[in-house]
Amino acid sequence: MKKQILSLLLFAVGMTAGAQNIQVHYDFGRNIYTGEESNRQKVTITLEQFKADKWGSWYYFVDVDLSSHFTESAYTEISREFNLGKQSPFAAHIEYDGGLSRNGSFQQSALVGAAYNGHTADFSKTWSVQLLYKQFFKSYDNTHAYASAQLTGVWGLNFLNNKMRFSGFIDFWRGEKANNHGCLVILSEPQLWYNFTEHFSVGTEWEFSNNFVYNSDPESTKTFFWNPTLAVKWNF
């Protein structure tokens, strides 16, 4: 539940100074992978905001994972882009990723690099490609600092007279396994929304990942997971 508002970046710049939404997702992952994802949360609340200014833009999201008894975790990504020229599609990108869980914390990271942002003439299609240096920090026991790189693609497509929206992102980065061996991590979260009004939408998100989800089954070596959700969204 993240980054989809980035696909509105140039649309928001052209139409308004900012955009904000809140989403509630019911996650079916634990029902699909009863062993490997037995501890996966079923409900996530996501708050996102994008705001443009004369220098570039701010973007953040916060994912709050809920169980029936606890707030399990809160994870955030905060980024800032600085336009490299008034009419240039290129921007400098800096970002912080991290958060806390009931049992500890997420491994924190900082990213810096460049972004290329584009759109069609009517803003019905938007896209962004980012190439970033990524530095992980030692955030809790059994983690250590290491350098990485990340390639991110973000897209958005409005159709059926803006009643439907297909948006999402895909990330590729170098991660490390428990034995400190490097691995390619892939995470993508495409979303499909039906807009009942300009404020209220119903849709779904499909999370595809490899080497990303924690596998809680000690007898399983599975690394690829598909986690669909059913969601509602309110656009402010």
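Residues numbered from 1 in each chain as written. Predicted model: local features only at pLDDT ≥ 70, side-chain atom pairs only at ≥ 80, totals over all residues. Heavy atoms only, no water.

With that settled, the discussion passes to the nonpolar core. Formed by Phe 136, Tyr 146, Val 154, Phe 169, Trp 173, Cys 183, Val 185 and Leu 187, the largest nonpolar core amounts to eight residues. If you list the elements that add at least two residues to this core, you get strand 9 (146-159), strand 10 (164-176) and strand 11 (182-188). If one sorts the elements of this core by residue count, strand 11 sits on top with three residues. Every residue in contact with Val 185, bar those within four places of it in the chain, is listed here: Asp 171, Phe 172, Trp 173, Gly 175, Asn 210, Asn 211 and Phe 212. Core analysis: the next-biggest nonpolar cluster, separate from the first, contains five residues, Phe 50, Ala 52, Tyr 59 and Phe 61 among them. (Core = buried A, V, L, I, M, F, W, Y, C linked by side-chain atoms within 4.5 Å. Buried < 20%, exposed > 50% of the residue type's maximum accessible area, 1.4 Å probe, protein only. Helix = DSSP H or I, 4+ residues; strand = E, 2+ residues; numbered from the N terminus. Contact = heavy atoms within 4.5 Å.)

Close inspection of predicted coordinates is inappropriate in any region flagged by low pLDDT. The predicted model of the protein chain averages 90 in pLDDT, with 92% of residues at 70 or higher. Scored below 50 in pLDDT, residues 7-16 shows 23 contacts in the model against residues more than four places distant or in partner chains. (pLDDT = per-residue confidence, 0-100.)

This next bit is on the pattern of salt bridges. If you walk through the whole model with that rule in mind, you get six salt bridges. Residue Arg 40 pairs with Asp 27 through a salt bridge whose shortest N-O separation is 3.0 Å. Taken together, the positions of Arg 40 in the loop between helix 2 (29-32) and strand 2 (43-52) and Asp 27 in strand 1 (residues 18-27) put the pair 13 residues apart, joining distant regions of the chain. Per residue, the accessibility class of Arg 40 equals that of Asp 27, and both read buried. The salt bridge involving Asp 53 is made with Arg 80; its shortest N-O contact spans 2.7 Å. Of the two residues, Asp 53 is situated in the loop between strand 2 and strand 3 (56-66) and Arg 80 in strand 4 (residues 71-83); the sequence distance between them amounts to 27 residues. By relative accessible area, Asp 53 is classed as partly exposed at 29%. Using a relative accessible area of 4% as the deciding quantity, one classes Arg 80 as buried. Each of the salt bridges in this network shares a partner with another, and the network as a whole consists of Asp 27, Glu 37, Arg 40 and Glu 207. (Salt bridge = Lys/Arg side-chain N within 4 Å of Asp/Glu carboxyl O.)

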